[in-house]
Amino acid sequence: MSDVLLEVKNLRTHFQLEEGTLKAVDDVSFTIPRNRTLGVVGESGCGKSVTAQSILQIIPKPGTVSGEILLHRDNGGVIDIGQLDPDGETMREIRGREIAMVFQEPMTAFSPVHTIGNQITEALFVHGERSKAMARQRAVELLDEVGIPAPDRRIDEYPFQLSGGMRQRSMIAMAMILKPRLLIADEPTTALDVTIQAQILRLMKKLQRESGMSIMFITHDLGVIANMADEVAVMYMGKVVEYGSVRQIFKNPQHPYTKGLLRSIPKFGESVGDRLATIDGTVPVPIDPPDICPFSSRCAHFIPGRCDARMPPPTEIEPGHTVNCVLYE
Ligand SMILES: Nc1ncnc2c1ncn2[C@@H]1O[C@H](COP(=O)(O)OP(=O)(O)OP(=O)(O)O)[C@@H](O)[C@H]1O
Ligand SMILES: [Mg+2]
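Calculation notes
- Residues numbered from 1 in each chain as written.
- Chains lettered and ligands numbered in written order.
- Predicted model: local features only at pLDDT ≥ 70, side-chain atom pairs only at ≥ 80, totals over all residues.
- Heavy atoms only, no water.
- Helix = DSSP H or I, 4+ residues; strand = E, 2+ residues; numbered from the N terminus.
- Rg over C-alpha atoms; globule rule 2.2 N^0.38 Å.
- Buried < 20%, exposed > 50% of the residue type's maximum accessible area, 1.4 Å probe, protein only.
- Areas by Shrake-Rupley, 256 points an atom, 1.4 Å probe, with all protein chains shown as cover.
- Lys, Arg positive; Asp, Glu negative; His and termini not counted.
- Charge placed at Lys NZ, Arg CZ, Asp CG, Glu CD.
- Pairing = 2+ DSSP bridges.
- Axes fitted to C-alpha atoms, helices over the stretch in contact; angles between N-to-C directions.
- Contact = heavy atoms within 4.5 Å.
- Phe/Tyr/Trp six-rings, centres within 6.5 Å; stacked < 30°, edge-to-face > 60°.
- pLDDT = per-residue confidence, 0-100.
- Core = buried A, V, L, I, M, F, W, Y, C linked by side-chain atoms within 4.5 Å.
- Left-handed = near helix turned anticlockwise from the far one by under 90°.
- Nonpolar A, V, L, I, M, F, W, Y, C, P; charged D, E, K, R; others polar.

A look at the overall build of the protein
No. 1: The number of helices and strands found in the protein is 10 helices and 12 strands.
No. 2: The C-alpha atoms of the protein give 21 Å as radius of gyration, which agrees with the globular expectation for 329 residues (20 Å, within 12%).
No. 3: Seen through its C-alpha atoms, the protein measures out along the principal axes to roughly 70 × 50 × 45 Å.
No. 4: Here the protein holds 329 residues, and 50% of them are scored as buried.
No. 5: Counting every atom, the protein has about 15700 Å² of accessible surface; 52% of that belongs to carbon and sulfur.
No. 6: Placing the 35 positive and 41 negative side-chain charges of the protein at their respective mean positions leaves the two points 4 Å apart.

Okay, structure coming up:
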């Protein structure tokens, strides 16, 4: 069996709007090996969620997806998800069984008209559980594992009766039942308090150890990336601008954008007031963006005539560590 689970090549997800073409994801490539975690990091609007939605083929209209999304399946076959009918049977099978997603907004993942317990036990039945009593017991255990208080009572409640944090945790419990090959976690813990967040991150790692699943972990929180990821893709305006192992990105960041992001992490003992040494300016909306370095308008190292001449290609600066920046070409 190949070590690679998912290969994304030249992914482009564009939205045709009245104002022009919004290039939410523009020529993104990466690989996720089995049993590893890819962290995807970048500021709001850089295309993290759209990348995840593209992999699952759940891009809303008027979005169009091109490029290759190659899933290496357990039977040794390779399937290009991008070529599948988004509403077809194969895609539905892949969604859930092979690739599961924990969303940024958990309300959408649950049916509002069934109790949390019914939805979890249903998933258990789909995955082979026969006994109703056993399924219920397992569901209570799962809710307990993700830190839901009084799980034997909560199990009979409807999604709207739970707090946002509890819905988020229930969704993680659901994703765990599915035992996917790839779990895409899109800011799964951002809304939760730090204790619960740490608990859920530990749980996800435990599940990964047990099942060998891969994780694509999306967040703007570099602390969480440092804790969870093996490899890191740094995104900016729909492009990957730097890619490397978690060690390479944290110990030896090269792209001015990555360096800026790392400077914005509060250091231990620093008050919040000291930490706004972030990056000047805001992320532009990528409507008909010129094909140049996307960070050039905010970069302190901007070189006229070079950074705004074309998009810098990836340059490998050490094995497995690439950066798209003219400073390293
Ligand atoms: N359905 C859509 N129609 C049009 N534009 C969209 C759509 N979904 C996302 N976008 C745009 O695509 C770009 C990337 O959005 P995306 O949601 O992927 O960002 P993100 O990195 O996940 O940000 P955040 O950290 O805020 O979740 C943004 O400019 C966004 O406005
Ligand atoms: Mg998002």
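Alright, that's what it looks like, and here's the rest.
Some remarks on the sheet that holds strand E3 (residues 37-41)
No. 1: Strand order in the open sheet formed by 8 strands is E6-E7-E8-E3-E9-E10-E12-E11, and the pairing between neighbours is mixed. At either end of the open sheet lies a strand with only one pairing partner, and these are strand E6 (99-102) and strand E11 (315-318). For this sheet the average axis-to-axis angle between neighbouring strands, irrespective of direction, equals 20°.
No. 2: Judged from the 5 bridges that link them, strand E7 (residues 182-186) and strand E8 (residues 214-219) form a sheet pairing that is parallel. Along E8, the bridge assignment pairs Ala-185 with Phe-217.
No. 3: Running over the sheet, helix H10 (residues 256-263) touches strand E9 (231-236) and strand E10 (239-245) and is turned about 105° from E9.

Some words on the side chain of Thr-13
No. 1: Inspection of the secondary structure puts Thr-13 in strand E1 (residues 4-17).
No. 2: Taking the relative accessible area as the measure of exposure, Thr-13 reaches 0% and is therefore buried.

Describing H10
No. 1: The buried count for H10 comes to 6 of 8 residues, which makes it a mostly enclosed element.
No. 2: If you check which residues of H10 are buried, you get Pro-256, Tyr-257, Thr-258, Gly-260, Leu-261 and Leu-262.
No. 3: Among the structural elements, helix H8 (222-228), E9, E10 and helix H9 (246-251) are those in contact with the buried residues of H10.

Concerning the packing of aromatic side chains
Two numbers describe a pair of aromatic rings. These are the distance of the centres and the angle of the planes.
No. 1: This structure, assessed with the given rule, holds 4 aromatic pairs.
No. 2: Between Tyr-158 and Phe-160, the ring centres sit 6.3 Å apart and the planes meet at 20°, which makes this aromatic pair stacked.
No. 3: By relative accessible area, Phe-160 is classed as exposed at 59%.
No. 4: On the basis of an interplanar angle of 85° and a centroid distance of 5.2 Å, the ring pair of Tyr-236 and Phe-295 is categorised as edge-to-face. Here the residue Tyr-236 occupies a position in strand E9, and Phe-295 occupies one in the loop between H10 and E11, the gap between them amounting to 59 residues.

Examining the confidence of the model for the protein
No. 1: Residues at a pLDDT of 70 or more form 94% of the protein, whose mean pLDDT is 90.
No. 2: In the predicted structure, residues 272-277 sits below a pLDDT of 50 and forms 4 contacts with residues beyond four places in sequence or in another chain.

Overview of the sheet that holds strand E4 (residues 63-72)
No. 1: Strands sit in the order E2-E1-E4-E5 across an open sheet of 4 strands; the sheet is antiparallel. Each edge of the open sheet is held by one strand with a lone partner, namely strand E2 (20-33) and strand E5 (78-80). Along the sheet, successive strands turn relative to each other by an average axial angle of 5°, direction set aside.
No. 2: Pairing analysis gives 11 bridges linking E1 to E2, with the strands arranged antiparallel. Pairing of Thr-13 across the sheet is with Val-25, part of E2.
No. 3: Strands E1, E2 and E4 of the sheet are contacted by helix H1 (residues 48-55), whose axis makes an angle of about 115° with E1.

Considerations on the nonpolar core
No. 1: Core analysis: the largest hydrophobic core is formed by 37 residues, its most contacted members being Ile-120, Leu-143, Val-146, Met-176, Leu-183, Met-204 and Phe-217.
No. 2: Elements with a contribution of two residues or more to this core: E6, helix H3 (116-126), helix H4 (132-145), helix H6 (164-178), E7, helix H7 (194-211), E8 and H8.
No. 3: For this core, the element with the most residues is H6, which contributes 8 residues.
No. 4: When neighbours within four sequence positions are excluded, Ile-120 is seen to be in contact with Ala-139, Leu-142, Leu-143, Met-174 and Ile-177.

Here we look at the packing of H3 against H4
No. 1: Contact geometry for H3 and H4: axes closest at 9 Å, N-to-C directions at 115°. Handedness of the H3/H4 crossing: right-handed. Listed contacts from H4 to Ile-116, Ile-120, Thr-121, Leu-124 and Phe-125 of H3 are Lys-132, Ala-135, Arg-136, Arg-138, Ala-139, Leu-142 and Leu-143.
No. 2: Its residues placed into classes, the contact of H3 with H4 shows 8 nonpolar, 1 polar and 3 charged.

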